[in-house]
Amino acid sequence: QVQLVESGGGLVQAGGSLRLSCAASGISFSIRSMGWYRQAPGKQRELVARVATGGTTDYADSVKGRFTISRDNAKKTGDLQMNSLKPEDAAVYYCNAEVEVFSPYRLIAVWGQGTLVTVSS
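Residues numbered from 1 in each chain as written. Predicted model: local features only at pLDDT ≥ 70, side-chain atom pairs only at ≥ 80, totals over all residues. Heavy atoms only, no water.

Regarding the state of the cysteines
Linking two cysteines covalently via their sulfur atoms produces the bond known as a disulfide.
Next, step 1: Evaluation of the coordinates by the stated rule reveals one disulfide.
Next, step 2: Sulfur-sulfur distance for the disulfide between Cys22 and Cys95 comes to 2.0 Å. Disulfide Cys22-Cys95: the torsion about the S-S bond is -85 degrees, which places it as left-handed. With a gap of 73 residues between them, Cys22 in strand S3 (residues 18–25) and Cys95 in strand S9 (residues 91–102) connect regions that are remote in the sequence. In this structure, Cys22 and Cys95 share a single accessibility class: buried. (Disulfide = S-S within 2.5 Å. Helix = DSSP H or I, 4+ residues; strand = E, 2+ residues; numbered from the N terminus. Buried < 20%, exposed > 50% of the residue type's maximum accessible area, 1.4 Å probe, protein only.)

Here it is in structure tokens:
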């Protein structure tokens, strides 16, 4: 089994910063792409940012210039640095990874349990 565990959520004032982290654990696997999604109450889950194995990144228009995604392939971790937070950024943030499991070989999508980000105005 491959698991993702997020950390770093919390309450922050508008204009502030938070850094979310995601750590993967398990046996005999590698991570292809890693991303962060968020879901606000009453809304669908949406992609916030994604980073491929080679480092190519993709961001939602709403967070470009404010959020930065990164990953450490050796440590199998990923981070989302969130700056200039706005009340509309408040949501549960989920880490997601496309995982290559070696034995038996298969590709799977793994989700973390989510971490709550609250932004006060």
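Moving on from the model shown.
Brief notes about the pattern of salt bridges
Close approach of charged atoms allows side chains of opposite charge to pair.
Next, step 1: Counted under the stated rule, the structure contains six salt bridges.
Next, step 2: Residue Glu46 is joined to Arg38 by a salt bridge in which the shortest nitrogen-to-oxygen separation is 2.7 Å.
Next, step 3: On the accessibility criterion, Glu46 (34% relative accessible area) is partly exposed.
Next, step 4: The class of Arg38 is buried, set by a relative accessible area of 6%.
Next, step 5: Note that Lys64 is salt-bridged to Asp61, the shortest N-O span being 3.1 Å.
Next, step 6: What you see here is one network of salt bridges that share partners, running through Arg38, Glu46, Arg66 and Asp89. (Salt bridge = Lys/Arg side-chain N within 4 Å of Asp/Glu carboxyl O.)

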